[in-house]
There are 2 protein chains.
Amino acid sequence: MSDYPSVILEQAVNQMASLPGVGRRTALRLVLHLLRQPEADVEAFSNAFTRLKKEVVYCRECHNISDTEICPICGSVRRDHATICVVENVQDVMSIENTGQYNGVYHVLGGVISPMEGVGPKDIEIDSLIERVAKGNVDEIILALPTTMEGDTTNFYLYRRLQNAGLEVKISQIARGVAVGNQLEYTDEITLGRSIVNRIEFKG
Amino acid sequence: MSDYPSVILEQAVNQMASLPGVGRRTALRLVLHLLRQPEADVEAFSNAFTRLKKEVVYCRECHNISDTEICPICGSVRRDHATICVVENVQDVMSIENTGQYNGVYHVLGGVISPMEGVGPKDIEIDSLIERVAKGNVDEIILALPTTMEGDTTNFYLYRRLQNAGLEVKISQIARGVAVGNQLEYTDEITLGRSIVNRIEFKG
């Protein structure tokens, strides 16, 4: 598909297709769907994104997306502010919150160190994490970064930074192993190998 | 995923997820992608859709999407205006144009008759087609509607309307049969059956 019957249509398709994972054919289908909606709905659709970009802020403490200077989690007196879970992004906070298993606070790095993609320690929220810990009142840092080479690199870098700053804080990382419900035969070798090496005592 | 850290974020995700085929997880990923873009880019993204809704028009002749009252195809003196190809939607015009095999003009119905979905003859551009033919100077109507029950119903309805209006015009429909490059064993029975019944002379 190349020749659009309208330049305005083509521009809308170009914008829609700029979203990651959206091809031109899908973009055309989505744009024609929007065109069939009432004008007020299209306005609401468009305004949602400009409003997001203009009004949303990042929490001064944990750098999660927020409507307020301090996010509801950092502002809550019912959360354990001595435990900080370090995550890559906003989705990770939502995923951990949905487990209902965590009552501490977060620190959203906004990425992981990746020399391949040109992301260095200064490009993500590492300094602000060290500052938070340096203020005191932090007992434990839980590293919950992705189990990738970049995640491991970032974990190690954070560990060294905290050590070098002479900050006495417990550093843990989320357990890695065979996922609940998974068959051993379908688990990759590295995960299975690590889950044997890092076995824990069975408490029957 | 349910608890969004920001109401504005949630509203943007709701809007993105209102697009057909976009789930909430994908919507969140797309919205966070937008949030990482410069403000000017997000503005351009949003404006493209409101501009489309406000400024795009439908060609007075063929009802295709257009930037002008008469679309470039209907306005072209190099097209054969005596041949009208009847299609369901804008994408169909683009698909046929891309074949480079058609030099007539179009009539975009904007749907097909579908009692199941409550789409009747008055809901699509049928009257305007009859009027176009009634004006004279039309030699042939090519029915290029989808090969579905709804498409067949619409074909038959159009045929009857043109007959009842006493309009002498050749009515043809696009060939249906085994797709080029397709193995017979993978072709569905109805298509294969029809392609035998409607066989054409082999011109070696």
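Each value, and the rule that gives it
Residues numbered from 1 in each chain as written. Chains lettered and ligands numbered in written order. Predicted model: local features only at pLDDT ≥ 70, side-chain atom pairs only at ≥ 80, totals over all residues. Heavy atoms only, no water. Contact = heavy atoms within 4.5 Å. Buried area = accessible area lost by both parts, 1.4 Å probe. Salt bridge = Lys/Arg side-chain N within 4 Å of Asp/Glu carboxyl O. Polar contact = N/O pair within 3.5 Å; in protein donor to acceptor, adjacent residues only side chain to side chain. Helix = DSSP H or I, 4+ residues; strand = E, 2+ residues; numbered from the N terminus. Expected span 1.5 Å × (residues − 1). Buried < 20%, exposed > 50% of the residue type's maximum accessible area, 1.4 Å probe, protein only. Pairing = 2+ DSSP bridges. Right-handed = clockwise from strand over helix to strand, strands pointing away. Phe/Tyr/Trp six-rings, centres within 6.5 Å; stacked < 30°, edge-to-face > 60°.

Observations regarding the interface of chain A and chain B
Thinking step 1. Contact with chain A, which involves 54 residues of that partner, is made by 54 residues of chain B.
Thinking step 2. For the pair chain A and chain B, the two sides together bury roughly 5100 Å², of which 70% comes from carbon and sulfur.
Thinking step 3. Our count for the contact surface shared by chain A and chain B stands at two salt bridges.
Thinking step 4. A salt bridge links Glu43 of chain B to Lys54 of chain A, with the shortest nitrogen-to-oxygen separation between them at 2.9 Å.
Thinking step 5. Remark: the boundary between chain A and chain B carries 13 residue pairs in polar contact (both at pLDDT 80 or more).
Thinking step 6. The set of elements that each furnish at least two residues to the side of chain A that touches chain B consists of helix 1 (7–17), helix 2 (24–35), helix 3 (39–55), strand 2 (65–66) and helix 4 (90–99) of chain A.
Thinking step 7. For the side of chain A that touches chain B, the element with the highest residue contribution is helix 3 of chain A, accounting for 15 residues.

What about helix 3 of chain A?
A turn of α-helix holds 3.6 residues, and therefore any two residues three or four places apart point the same way.
Thinking step 1. Spanning 17 residues, helix 3 of chain A covers 23 Å between terminal C-alpha atoms, matching the ideal 24 Å at 1.5 Å per step.
Thinking step 2. Turning to helix 3 of chain A, its buried residues number three or more, namely Val42, Phe45, Ser46, Ala48, Phe49, Thr50 and Leu52 of chain A.
Thinking step 3. Its buried side turned inward, helix 3 of chain A meets helix 1 and helix 2 of chain A together with helix 1 (7–17), helix 2 (24–35) and helix 3 (39–55) of chain B.

Considering the pairing of strand 3 (residues 80–87) of chain A
Residue and element names in this part refer to chain A.
Thinking step 1. Most of strand 3 sits inside the fold, with six of its eight residues counted as buried.
Thinking step 2. Where strand 3 lies against strand 4 (residues 104–108), five bridges are found, and the strand directions are parallel. Residue Ile84 lies in a different strand from strand 4, and its bridge partner there is Val105.
Thinking step 3. Crossover connection from strand 3 via helix 4 to parallel strand 4: handedness right-handed.

A short note on the packing of aromatic side chains
Thinking step 1. For the structure on display, the rule yields six aromatic pairs over all chains.
Thinking step 2. Aromatic side chains Phe45 of chain A and Phe49 of chain A sit 5.0 Å apart centroid to centroid with 80° between the ring planes, which places their arrangement in the edge-to-face category. Here Phe45 of chain A and its partner Phe49 of chain A are both found in helix 3, four residues apart, which amounts to about one turn of the helix. Pair check on accessibility: Phe45 of chain A and Phe49 of chain A agree, each one buried.
Thinking step 3. Connected via pairs of aromatic rings, a cluster forms that spans Phe45 and Phe49 of chain A together with Phe45 and Phe49 of chain B.

Geometric descriptors of this kind do not, in isolation, establish any biological role.
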